[in-house]
Amino acid sequence: MEVLWRPALAPGLNSLIPFLNAPYSKPRPGREVLKKGETFIEGGRPLLCDILWERDVTVKLRDGVSLYLDIFRPADVQAKIPAILAWSPYGKGIPQEPPPGVLREWVSGLQKFEGPDPAYWCAQGYAVVNVDTRGAFNSEGDIHFWGPVDARDGYEVIEWIASLPWCNGNVGMCGNSWLAISQWFIAAENPPHLRAIAPWEGLNDLYRHDVVRGGIPNTGFCELIIRSLKGNNNVEDIPRMVERYPLMNSYWESKRADLSKVKTPAYVVASWSNDLHTLGSLEGFRLIQSEKKWLRVHNTHEWQDFYSPENTEDLRRFFDFFLKGMDNGWENTPKIRLSILDPSGNDLVNREEEEDWLVKVSYTKLYLDAKRSSLSLEPPSERASLSYLPLDERGKAVFTYVFPTDAEVIGYLKLKLFVEVRDADDADLFALLEKCDPYGNPLHPPAGPFVYYGPHGRLRLSHRTLDERLSSEWFPVHSHREEKKIKEGDIVSCEIPLWPTGMRWRKGEILKLTICGFNPIPFHLSQVPPLKTLNKGLHVIHTGGEFQSFIYLPIKYL
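Analysis parameters
- Residues numbered from 1 in each chain as written.
- Predicted model: local features only at pLDDT ≥ 70, side-chain atom pairs only at ≥ 80, totals over all residues.
- Heavy atoms only, no water.
- Pairing = 2+ DSSP bridges.
- Helix = DSSP H or I, 4+ residues; strand = E, 2+ residues; numbered from the N terminus.
- Axes fitted to C-alpha atoms, helices over the stretch in contact; angles between N-to-C directions.
- Contact = heavy atoms within 4.5 Å.
- Buried < 20%, exposed > 50% of the residue type's maximum accessible area, 1.4 Å probe, protein only.
- Salt bridge = Lys/Arg side-chain N within 4 Å of Asp/Glu carboxyl O.
- 1 Å grid on protein atoms, 1.4 Å probe; cavity = no way out; pocket = protein on both sides within 12 Å on 5 of 7 lines; lining within 4 Å.
- Points joined across faces, edges and corners; volume = space filled by probe spheres on them.
- Expected span 1.5 Å × (residues − 1).
- Core = buried A, V, L, I, M, F, W, Y, C linked by side-chain atoms within 4.5 Å.

1. What about the sheet that holds strand β2 (residues 30-34)?
An order of β2-β3-β4-β6-β5-β7-β8-β10-β11-β12-β13 is seen for the eleven strands of this open sheet, with the pairing classed as mixed. Two strands lie at the open edges of the sheet, namely β2 and β13 (348-353), each paired on one side alone. Ignoring which end each strand starts from, the neighbouring axes of this sheet average 20 degrees apart. In this sheet, strand β11 (residues 293-298) lies alongside strand β10 (residues 266-271) in parallel orientation, the contact comprising six bridges. Each bridged residue has a counterpart across the sheet, and for Ala-266 the counterpart in β11 is Lys-293. Sheet strands in contact with helix α3 (residues 178-187) are β5 (81-88), β7 (167-176), β8 (194-200) and β10, and its direction is about 130 degrees off that of β7.

Following this line, the structure appears as structure tokens:
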């Protein structure tokens with residue numbers, strides 16, 4: 001299958017995303033000692049120890065391609081130490097500013113974007129290895145969006161690091177977003193010396209979790225990232241691949257990490273509110289086969305959570321246990337810690353849950369009643385329908401449920417609908433669940449610098465065929481291998497996965513379900529345009545009688 005490419009942004013040029021503008025210079029191999037107390041950004045963390053910086057070290061891969069990387073390690077430690085690898089094409093040049101929302105005193109400027117800070121980790125007896133992956137900046141080759149080539153590169157670099165004279169043979173990986181996604185793929189290769197991973201919010205199925213979510217092409221954010229990736233050669237042209245190959249095939253399968261092969265001890269971090277990473281983070285934890293794995297779901301934003309001193313210390317305990325062999329009690333850490341969002345009260349943070357929490361969740365059906373625009377525990381006996389114009393942003397079908405007592409909704413959700421499409425043979429459907437106060441005003445909890453609208457989902461109706469191998473009763477996964485167009489007058493059933501959530505409702509508060517023909521959630525970066533739909537005609541939602549549309553959700557009444 002032909003893979004399409006486009007030229008990468010020249011390394012010396014500025015990208016559209018300010019925090020992806022890592023400092024750049026041509027290769028300058030060398031070594032220097034950065035002295036304790038030095039600072040590299042205004043207001044940043046001073047170095048806690050002398051650090052030996054080995055700059056522009058090269059690693060030659062199996063096909064002759066050379067990668068450039070920087071190694072930071074404590075200058076005065078003679079004993080062998082473990083290494084932490086940060087893997088992304090975002091640039092290793094220093095100094096780098098902290099990501100938005102991260103306090104300047106939390107970082108030194110030696111960290112690569114979304115990666116660990118050498119100022120902290122070297123003082124704790126670790127080396128940090130920052131890589132410019134294949135094709136990035138001065139590294140040779142072309143930039144890959146994860147997949148088998150990138151994963152094999154990671155395998156080779158890990159084994160190379162483990163062979164260095166200062167390394168104790170134990171390598172870990174951490175970081176968020178791209179740096180988390182890469183961990184799922186690399187860990188599936190099972191490098192012998194990869195002893196622990198800490199993927200901090202990252203998808204693991206590029207097609208289903210991002211660029212063709214629900215079968216609806218949505219490449220705006222990916223386009224922005226591609227235009228910001230810097231190198232001397234090419235980058236995989238994912239938007240054009242979506243245009244050429246809109247259905248699932250071997251190429252898109254290669255962009256789905258085989259989580260069943262991941263055996264490495266893992267500390268997985270997620271949030272309910274990340275529009276890119278929530279599902280992938282939770283699916284990663286659920287599906288990897290690691291015997292030793294931990295999940296923590298936080299209530300802020302990935303950048304703030306990753307760099308906060310409290311969570312950095314927590315990660316250090318994990319790495320100390322698996323990379324240094326320290327008997328520090330890490331194994332007694334609760335396997336699952338959840339945050340429960342409560343925008344009308346106070347969030348619960350780090351609530352412990354049983355290891356088999358997801359299996360034990362009890363699910364409830366709330367049935368849609370188009371006659372009353374309501375959601376009910378009892379299926380309506382009378383047939384009814386609600387219709388809307390999908391091209392009109394005022395056009396939507398709304399259903400509400402008033403909680404009779406305090407309750408929590410925690411886990412995976414799905415929406416089953418019976419849908420008719422008039423004057424069209426397909427439809428793009430979007431769904432959003434919101435928490436509202438007793439007067440119907442939305443309560444959107446903050447998520448760091450952004451807000452969380454609520455669990456949401458989408459589906460192109462012609463993509464409604466399920467992949468029975470991947471689906472469960474409580475979470476449908478679509479195959480996306482065929483298009484089943486709709487005939488005029490037909491009423492078809494479909495299941496729409498809503499991304500997992502953890503939220504508390506109080507007595508009298510409202511759960512509001514909105515179904516419409518456009519994405520009701522604005523993306524948090526203004527440079528990303530709204531996605532385009534194929535909608536036209538009229539959408540009709542059928543309820544009651546033989547057309548029992550419902551939400552399947554994990555409600556626990558308190």
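Moving on, there is more to tell.
2. What about the pairing of strand β4 (residues 66-74)?
Burial of β4 is extensive: nine of the nine residues sit out of reach of the surface. Remark: five residues form the turn of the hairpin made by strand β3 (residues 51-60) and β4, two consecutive strands paired antiparallel; Gly-64 in that turn has positive phi of roughly 90 degrees. Across five bridges, the pairing between β4 and strand β6 (residues 127-132) is antiparallel. Its bridge partner being in β6, Phe-72 is matched across the sheet by Val-128.

3. So, the pattern of salt bridges
Under the definition given, this model contains 48 salt bridges. Between Asp-237 and Arg-240 there is a salt bridge; the shortest N-O distance is 3.5 Å. Taking the shortest distance from any N to any O, the salt bridge between Asp-314 and Arg-317 comes out at 3.7 Å. With Asp-314 and Arg-317 both in helix α10 (residues 309-323), this residue pair falls three residues apart, about one helical turn. Judged by its relative accessible area of 12%, Asp-314 falls in the buried class. Overall, the relative accessible area of 28% leaves Arg-317 in the partly exposed class. Linked through salt bridges whose partners overlap, the residues forming this network are Arg-6, Glu-223, Arg-227, Asp-237 and Arg-240.

4. Concerning empty space enclosed by the protein
One pass over the full model with this rule turns up four cavities of 30 Å³ or more. Put simply, the largest cavity is a space of about 320 Å³. Forming the boundary of the largest cavity are 25 residues, of which Tyr-90, Ser-177, Phe-221, Ile-225 and Leu-276 lie nearest the centre. Elements with a minimum of two residues in the lining of the largest cavity: α3, α5 (220-226) and α9 (302-307). No other element matches the three residues that α5 contributes to the lining of the largest cavity.

5. A closer look at helix α2 (residues 147-162)
Counting along an α-helix, one turn takes 3.6 residues, and residues three or four places apart therefore face a common direction. Its 16 residues place the ends of α2 23 Å apart at the C-alpha level, agreeing with the 22 Å of an ideal helix rising 1.5 Å per residue. The buried fraction of α2 is high, at twelve of 16 residues. For α2, the complete set of buried residues consists of Gly-147, Asp-150, Ala-151, Asp-153, Gly-154, Tyr-155, Glu-156, Val-157, Ile-158, Glu-159, Ile-161 and Ala-162.

6. Quick look at the nonpolar core
A general tendency of soluble globular proteins is for nonpolar side chains to be buried together. Counting residues in each nonpolar core, the largest one holds 161 residues, and the members touching the most others are Trp-252 and Phe-319. At nine residues, the largest contribution of residues to this core is made by strand β18 (residues 407-422). Dropping the residues within four chain positions of it, Phe-319 is found in contact with Ile-84, Trp-121, Tyr-126, Gly-172, Met-173, Cys-174, Ala-196, Ala-198 and Lys-324.

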